[in-house]
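Spelled out from the first residue to the last, the chains are:
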Amino acid sequence: MSSRPSSTDVAARVEALRAELAHHAHRYYDLDDPEISDADYDALERELRALEDAHPELMSVDSPTQKVGGSAQAQFSPVVHRLPMMSLDNAFSPEELSAWGDRLVKRLGADADTGIGFVCELKIDGFAISLTYEHGDLVRAATRGDGRVGEDMTANVATIGSVPHRLTTKGTPPALVEVRGEVYMPLAAFERLNERQRAAGDKVFANPRNSAAGSVRQKDPSITATRELSLWTYQLGATEGTPTFRRHLETLEWMRELGLPVNPEIRSLATLAEVEAFCNHWHEHRHDLDFDIDGVVFNVDELRLRDELGSTSKAPRWAIAYKFPPEERTTLLKDIMVSIGRTGKATPFAVLEPVFVGGSTVGMATLHNQDQIKVKDVRPGDTVIVRKAGDVIPEVVGPVLAQRSDGLAEFTFPTTCPVCGGPLVRLEGESDTFCVNAECPGQRWARLTHFTSRGAMDIEGLGERTIQLFLSEGLLHDIADIYSLDWERVRGLEGFGDLSVSNLQAAIEASKQRPLANLLVGFGIRHVGGTVSRVLAAAFGSMDALMTATVEEVAAVEGIGPVIATSVQQFFASDANRDLIERLRVAGLNFQGPEGNDEPQTLAGMSVVVTGTLEGFSRDGAEDAIKARGGKSPGSVSKKTTAVVVGESPGAAKITKAEELGVPVLDEAAFVRLLETGELPI
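These numbers come from a predicted model, not from an experiment.

Peer 1: What exactly am I supposed to notice about the overall build of the protein chain here?
Peer 2: Along the protein chain, the regular secondary structure elements total 24 helices and 21 strands. Based on the C-alpha atoms only, the size of the protein chain along its principal axes is roughly 85 × 70 × 50 Å. Evaluated residue by residue, the protein chain yields a buried proportion of 48% over its 682 residues. Residue pairs at least 24 apart in sequence account for 67% of intrachain contacts in the protein chain once pairs closer than 6 positions are excluded. In the protein chain, 69 positive and 99 negative side-chain charges are present, and the distance between their average locations comes to 3 Å.

Written as structure tokens, this is what we have:
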């Protein structure tokens, strides 16, 4: 039985945590070069807070739990905030959010009987900033710093396009208006920045937040101006000569009238149940936005109640940040290995010390190609940052160089295939490396698993392990062998009784009737995915017509082009592929595409965006219906968009963009009428 830690041990752990947190806060706030993820920092801070709560005699005003992180740096002039820029307390679960609500009710007492209204906002993963306007003119922009003293960033922040240099007011502007906000880098701008970094042979940036912070801290404002930064404001600070407000929501509406950018995804909610639903919605839809969020923020709306609740030394009691599960964590890179795909492409991947990130435990992550390994300079033995956003494949963002051991060797990309031992060849002008042995077992397994996957022929029961077993037993060599399996031999394998064999036979038989587009996907032709396959099947109508088409005829199909057309023609020109196709024909697979399009061209020249889930259409079905009637169905909203069709759980960013541009928003019934008549509702 273990003994409880002594008071000396607890005190030592508290001091160690404080020192570690101070170090990481300096790296994050002052240097914009963190060594650990936000989630790892939060875990350390929560451990320290728990120890301080259990041992109040160890509490100190200098503890990181009592201070706002960061400090003013010598390279920028200090700015003393008129009102402190505080940070927020965090909740990491519905239970913690509910506990915060209970504390509010207890503190407010009788005032809580009338209900506590909340203003709910997105928690922008950006760089905190304060803007000061005197008589309507921007005079100062400052960082949060330690909450009391920040840094003067006026020249840099003034280059940001969404920052107004003068407020829009009716009549005489207020003597003083200070607003707080977050400078952020839109995701599209972040991608463009990293593309420029790669083209110049420079190190890519790890994430938009650090990119935004580093861009604001540039000594040369002209560099900041090139970084495509933006701003959301969310709160008033010190003011003089402003209207009297009763609610926080009123201040936000007034800020909008002044021309300040206020995020549209702000809601006024009455209960904590509604607050929790708001959390769940944005946890699910966070990737619909063109900027990163790492949670949502809840504020008490009534300003009188805020005054009554007050603040701690670090954070207001009337607000809390609900943090989403982390999408970035740090972990150990144990090894770098290489997998061989169906085309022979050699893809490096990271073998990691398992870490919970993005809602699941990750033990492997992609490294893309050998150039990316070189640019990121990750090495086995490194502590690395791992990112997993939603359903996106986990990737290694980069190493934490400050934690790299001396003498850690660079990774050298192999020159031979790890499966068959044949040579790996890098094609001229490309970043990918290939195993050129067509009989490589790794390629064969990858081709078969791709062919049977859900997006292709969808053969249930013929998954990766079964395919590997059948390959090792000599039952499979290529995809056509699936339709001539030796079932007596299959029955002799462990785990294959009469029922499992019968189910697999039925699944294989059913796959013969899959649409031609699925079969084209299953072939794994380079550059040909689901959308291109549907376009080709519809344009040519049959496998035979597509096989005999010239490059020019394929390229003439809308949305195809010469690169895809050349890849398609090369695939069908191969004698081995044509022999394979003939065997599939004999097996009875469907080679006919959809019938000719007789739909009236009611949407000719129109562009219709679909977001959310419709009852009468699948996502692909809605897009096909639009295209069959002569329209286009892009994935984003622009000035050229004719209408946006909204189903259940839509992308909020698309709706907001449509409203900003004045694009009509249709429900499913209006969408059906549009398909039939080509007319928008009046």
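Alright, that's what it looks like, and here's the rest.
Peer 1: What is the right way to look at the packing of aromatic side chains in this model?
Peer 2: Aromatic rings in a pair are described by how distant their centres are and how their planes are angled relative to each other. Tallied over the full model, the rule gives 10 aromatic pairs. Each ring, one from Tyr184 and one from Phe291, has its centre 5.3 Å from the other, and the planes form 55°; the classification is tilted. Of the two residues, Tyr184 is situated in strand β7 (residues 176-184) and Phe291 in the loop between α9 (272-285) and β10 (293-300); the sequence distance between them amounts to 107 residues. In textbook terms, an aromatic cluster arises when at least three aromatic residues are bridged by ring pairs, as seen for Tyr184, Trp232 and Phe291.

Peer 1: Just to check I follow, could you spell out the pattern of salt bridges for this structure?
Peer 2: When the charged atoms of two side chains with opposite charge come close together, those side chains can pair. Following the criterion strictly, the structure yields 30 salt bridges and no others. Arg379 is the partner of Asp377 in a salt bridge, and the nearest nitrogen-oxygen pair spans 3.0 Å. Asp377 sits in the partly exposed class, given a relative accessible area of 23%. The closest approach of N and O atoms between Arg583 and Asp478, which form a salt bridge, is 2.7 Å. Of this pair, Arg583 sits in helix α21 (residues 575-587) while Asp478 sits in the loop between α13 (464-472) and α14 (487-491), and the two are 105 residues apart along the sequence. Through salt bridges that share partners, Asp377, Arg379, Asp382, Arg404 and Glu410 make up one connected network.

Peer 1: Explanation requested: the sheet that holds β7 in the structure shown.
Peer 2: Within a beta sheet, neighbouring strands are joined by backbone hydrogen bonds and run either parallel or antiparallel to one another. Reading across from one edge, β5-β4-β7-β8 is the order of the 4 strands in this open sheet, with antiparallel pairing throughout. Bordering the open sheet on either side are β5 (137-143) and β8 (230-240), each of which pairs with just one other strand. Within the sheet, the average angular offset between the axes of one strand and its neighbour, ignoring direction, is 25°. Contacts from helix α8 (residues 248-257) reach β7 and β8, with the element oriented near 115° to β8.

Peer 1: How should I be thinking about the packing of helix α3 (residues 94-108) against α9 in this particular structure?
Peer 2: Helix packing geometry: the angle between the two helix axes and the distance between the axes. With their axes 11 Å apart at the nearest point, α3 and α9 run at an angle of 145° to one another. Here α3 and α9 pass one another in a crossing that is right-handed. In this structure, α3 uses Pro94, Leu97, Ser98, Trp100 and Gly101 to contact α9, whose residues at the interface are Leu272, Val275, Glu276 and Cys279. For the contact of α3 with α9, the per-class residue count stands at 6 nonpolar, 2 polar and 1 charged.

Peer 1: How do you make sense of the packing of helix α12 (residues 441-452) against α13 when you look at a structure like this?
Peer 2: At a minimum axis distance of 10 Å, the contact between α12 and α13 shows a crossing angle of 135°. Between α12 and α13, the crossing angle belongs to the class labelled oblique. Where α12 crosses over α13, the handedness of that crossing is right-handed. For the pair formed by α12 and α13, the contact residues are Arg444, Trp445, Leu448, Thr449 and Thr452 on the first element and Glu464, Ile467, Gln468 and Leu471 on the second.

Peer 1: Can you walk me through the pairing of strand β19 (residues 608-611) in this structure?
Peer 2: Note on strand geometry: in a regular strand, side chains alternate between the two faces of the sheet. Both faces of β19 are covered, namely the face carrying Val608 and Val610 and the face carrying Val609 and Thr611. Examined bridge by bridge, β19 and strand β20 (residues 643-646) share 4 bridges and lie parallel to one another. If you follow Val609 over to β20, its bridge partner there is Val644. In this view, the connection linking β19 to its parallel neighbour β20 by way of helix α22 (residues 619-628) has left-handed handedness.

Peer 1: Looking at this structure, I do not really get the nonpolar core. What am I missing?
Peer 2: Among the nonpolar cores identified, the biggest contains 52 residues, and Phe470, Tyr483, Phe523, Met543 and Phe572 are the most heavily contacted of them. If sequence neighbours within four positions are ignored, Phe523 has contacts with Ile479, Met543, Phe571, Phe572, Ile581 and Leu584. Grouped together as the second largest cluster of nonpolar side chains are 35 residues, Tyr133, Val183, Val216 and Met255 included.

Peer 1: Honestly, helix α20 (residues 562-573) in this entry has me stumped. Any pointers?
Peer 2: An ideal rise of 1.5 Å per residue puts 16 Å on 12 residues; α20 measures up with 16 Å between its terminal C-alpha atoms. The complete set of buried residues in α20 reads Ile564, Ala565, Ser567, Val568, Phe571 and Phe572. Down the axis of α20, the smallest arc covering the buried residues is 165°, so these residues share one side. Counted as exposed and oriented over 90 degrees from the buried face of α20: Pro562, Val563 and Gln570.

Peer 1: Mind showing me how you'd approach the pairing of strand β11 (residues 319-323) here?
Peer 2: Burial analysis of β11 places 5 of its 5 residues in the buried class, the great majority of the element. Sheet analysis places strand β2 (residues 90-91) next to β11, joined by 2 bridges and oriented parallel. Looking across to β11, one finds that Asn90 is bridged to Ala321. Pairing of β10 with β11 involves 5 bridges; the strand directions are antiparallel. The residue bridging Val296 from the neighbouring strand is Tyr322, located in β11.

Rules of the game
Per chain, residues are indexed from 1 in the order of the written sequence. For this predicted model, a pLDDT threshold of at least 70 governs which residues receive local features, and a threshold of 80 or more governs which side-chain atom pairs are given and counted, while totals over whole chains, interfaces and linings are taken from all residues. Remark: hydrogens and water are excluded; side-chain values derive from all non-hydrogen atoms of the structure. Here a helix means four or more residues in a row that DSSP labels H or I, a strand means two or more in a row labelled E, and each is numbered from the N terminus. Buried means the residue's accessible area, taken with a 1.4 Å probe over protein chains only, is under 20% of the maximum for its type, while exposed means over 50%, and partly exposed covers the values in between. Should any heavy atoms of two residues lie within 4.5 Å, those residues are counted as being in contact. Here Asp and Glu are counted as negative and Lys and Arg as positive; His is not counted, and neither are the chain ends. To locate a charge, the coordinates of NZ of Lys, CZ of Arg, CG of Asp or CD of Glu are taken. Ring pairs shown here join Phe, Tyr and Trp side chains whose ring centres sit within 6.5 Å, with only the six-membered ring taken for Trp; geometry is labelled stacked below 30 degrees between planes, edge-to-face above 60, and tilted in between. Any carboxyl oxygen of Asp or Glu that lies within 4 Å of a side-chain nitrogen of Lys or Arg is treated as forming a salt bridge with it. Two strands form a pair only when DSSP identifies at least two bridges running between them. An axis is simply a line fitted to the C-alpha atoms; with a helix, the fit covers only the stretch in contact. Between two such axes, the angle follows the N-to-C directions and lies from 0 to 180 degrees. Handedness of each helix crossing follows the sense of rotation of the near helix against the far helix: counterclockwise by less than a right angle gives left-handed, clockwise gives right-handed. Just so you know the grouping, Ala, Val, Leu, Ile, Met, Phe, Trp, Tyr, Cys and Pro go in nonpolar, Asp, Glu, Lys and Arg go in charged, and all remaining residues, Gly too, go in polar. Here roughly perpendicular refers to angles of 65 to 115 degrees, roughly parallel to angles under 35, roughly antiparallel to angles over 145, and oblique to all remaining angles. Crossover handedness is defined here as right-handed if the route from the first strand over the helix to the second strand goes clockwise, with the strands pointing away from the viewer. Put simply, buried Ala, Val, Leu, Ile, Met, Phe, Trp, Tyr and Cys residues joined by side-chain atoms within 4.5 Å make one nonpolar core. Any helix carries an expected span of 1.5 Å times its number of residues minus one. It is the directions from the helix axis to the C-beta atoms whose arc is reported.

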